[in-house]
Amino acid sequence: MTKPTTHDLFIGGEWSKADNTERDTIRNPATGDVLAHVAVAGESDVKRALQTAQDAFPAWRGLIATDRADYLYRLIELIQRDTEKLARIITSENGKPLKEARIEVNFAIQLIRFAAENVRRLEGNIIPGSRPGEKILIEKIPHGVVAGISAWNFPLALTARKLGPALAAGNTFVIKPHELTPLSTLALAELSVEAGFPKGVFNVVTGGGVTVGNALVTNPITRLITMTGSTPAGRKIMAAASEGLKEVRLELGGKAPFIVMEDADIDAAVNAAVAARFMNCGQVCTANERTYVHTAVYDEFLKRLRTKVEALKTGNPLDEDTDMGPKISAQELEKVDAMVRKAVEQGAKVELGGRRLTGGAYDRGNFYAPTLLTNVKGDMDIVQNEVFGPVLSLIRVKDFDDAITQANNSRYGLSAYMFTQNLKNIMRMTNELNFGEIYVNREGGEAAQGFHHGYGDSGIGGEDGQYGLEAYVDTKTVYLNA
């Protein structure tokens, strides 16, 4: 076991002591080992970080777009160089298998690269005026100081998802990583120093949401808030931001349906269903939360699914052959276990798993068995509420209409999956399936050039691609007369 590290706040391009001596203890969810002691910012620290970002804003926005992009390109080079180091930090603090952590590092690179490549595409308009010789100019301008609040399930990628477009568009940035997984973001801050970022452009304040998050949201310096997290937390942020009429982008929970029709490629659908459910121990907002299978292929699908789930290896996430690591915390593990027990009380059958893993190394971490439930009905709690864990609920449907109706019976609207070879059903699905992003005949995993957004309780706004980049600028209208 390596000696725990100690981390301060990152403000103005330097490591800065918090005004208090309190520190969060960061533990490895697979072993329980202490990884680090991290500063807990107070309200005064958040004010200092925001003011530093505000002071840095005029010079940063004054750079031409390609100069801002060059800083991001230098950061990308350093992330590429340190891929293995960053992946191990992610695995140690989050618990996802190392092979998945490497994918996350690459996704972080792609997100920053898209912002850097496309910053010159933040284009305005010239419109004919209402008077002789007049022109109306619509200009895209940065908001100012952007505050980011991040979740624990993709600690590096979620910071990159917000950092890249915020800086590329000319804003300065202050982020609060989740208190369970701040180490990836702090490592990225260290790389920003090596990349030569101007002081104050990128700042990190660590600590809990009640103090740090609220201070970021309510401070008048903050002009845009971009948050990834739970729906209850998103509601609180929205309410707190309303007093200052802040612009808010929220990427919240999901309850993705995974629909398998009678003409689907069964092996491909099974592989995708397992990948979309058990990746990162099911702790993904786009995860397969409800698997709807046509009755004509249900039995065969279940047979192949059982084989696939049984083959998953759960264990030390640093082992190259591990398929699934631990839950992020004991509290999260207990929440998932309670949902499974409730489902059984309501009539579901546990085909596989359904319990905490114990014995040997399992006793040190937060390991839950890959779980397969059958006899699941649409009115069960586990079908309506986000599980965010390694539990696959299998539901029989009689036809396409039944699948669409049940899939849409949710307050969430982030992601959905459809496996079918029927073009007519695919065309209907594009109109009738009420989700912001839909994966057809493939597993999940959004692209940096796409647009990641949802409806209903899944949030407002969105991230990634040109549409996501546009969120990081405001508009200014100029009526130009000579």
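Residues numbered from 1 in each chain as written. Predicted model: local features only at pLDDT ≥ 70, side-chain atom pairs only at ≥ 80, totals over all residues. Heavy atoms only, no water.

Under an unreviewed UniProt entry, the name given to the chain is Aldehyde dehydrogenase, and the source organism is Komagataeibacter intermedius AF2. The Sequence similarities (unreviewed entry) field of the UniProt record for the chain holds the comment "Belongs to the aldehyde dehydrogenase family." (UniProt positions renumbered as here; feature names shortened; annotations may be inferred.)

Undergrad: Explain the sheet that holds strand 5 (residues 34–39) residue by residue, including any values.
TA: One open sheet accounts for three strands, arranged 1-5-4; its pairing is mixed. The outermost strands of the open sheet, each flanked by one partner alone, are strand 1 (5–7) and strand 4 (23–27). Put simply, the sheet's adjacent strands are angled 20° from each other on average, direction ignored. Two elements, strand 4 and strand 5, share five bridges in a ladder whose sense is antiparallel. Residue pairing in the sheet places Thr-25 in a bridge with His-37 of strand 5. Seen against the sheet, helix 6 (residues 183–194) touches strand 1, strand 4 and strand 5 and runs at an angle of roughly 65° to strand 5. (Pairing = 2+ DSSP bridges. Helix = DSSP H or I, 4+ residues; strand = E, 2+ residues; numbered from the N terminus. Axes fitted to C-alpha atoms, helices over the stretch in contact; angles between N-to-C directions. Contact = heavy atoms within 4.5 Å.)

Undergrad: So what's going on with the sheet that holds strand 17 (residues 391–397)? Residues and values would help.
TA: Read across the open sheet, the seven strands follow the order 15-16-17-14-13-19-20; overall the sheet is mixed. Looking at which strands have only one partner, the edges of the open sheet turn out to be strand 15 (349–352) and strand 20 (437–440). This sheet shows a mean twist of 25° between the axes of neighbouring strands, independent of strand direction. With five bridges joining them, strand 13 (residues 256–260) and strand 14 (residues 288–294) adopt parallel strand pairing. If you follow Ala-256 over to strand 14, its bridge partner there is Asn-288. Where helix 10 (residues 298–310) meets the sheet, it contacts strand 13, strand 14, strand 15, strand 16 (371–374) and strand 17, and its direction lies at approximately 170° from that of strand 17.

Undergrad: Residue-level account of the nonpolar core, with values.
TA: Counting 55 residues, the largest nonpolar core has Leu-75, Ile-79 and Phe-202 as its most contacted members. Apart from the residues lying within four places of it in its own chain, the contact partners of Leu-75 are Ile-112, Leu-163, Leu-188, Leu-191, Ser-192, Ala-195 and Phe-197. (Core = buried A, V, L, I, M, F, W, Y, C linked by side-chain atoms within 4.5 Å. Buried < 20%, exposed > 50% of the residue type's maximum accessible area, 1.4 Å probe, protein only.)

Undergrad: For the side chain of Asn-118, give the residues involved together with the corresponding values.
TA: Counting through the fold element by element, Asn-118 comes out in helix 4 (residues 98–118). Relative accessible area serves as the criterion here: at 9%, Asn-118 is assigned to the buried category. Setting aside its immediate chain neighbours within four residues, Asn-118 contacts Gln-466 and Leu-469.

Undergrad: So what about unusual backbone geometry? Which residues, and what values?
TA: The phi torsion at Cys-281 lies on the positive side, around 55°, for a residue other than glycine. With respect to the helices, strands and loops of the structure, Cys-281 is situated in the loop between helix 9 (266–278) and strand 14.

Undergrad: Report on the packing of aromatic side chains, specifying residues and quantitative values.
TA: Going through the model one piece at a time under the given rule, you end up with eleven aromatic pairs. Ring centres of Trp-152 and Phe-388 lie 5.5 Å apart, and the angle between their planes is 80°; on these two criteria the pair is classed as edge-to-face. With a gap of 236 residues between them, Trp-152 in the loop between strand 8 (145–149) and helix 5 (155–168) and Phe-388 in the loop between helix 12 (381–384) and strand 17 connect regions that are remote in the sequence. Accessibility classification places Trp-152 together with Phe-388 in one group, the buried group. When the ring of Phe-258 is compared with that of Phe-419, the centres are 5.3 Å apart and the planes differ by 20°; the resulting orientation is stacked. (Phe/Tyr/Trp six-rings, centres within 6.5 Å; stacked < 30°, edge-to-face > 60°.)

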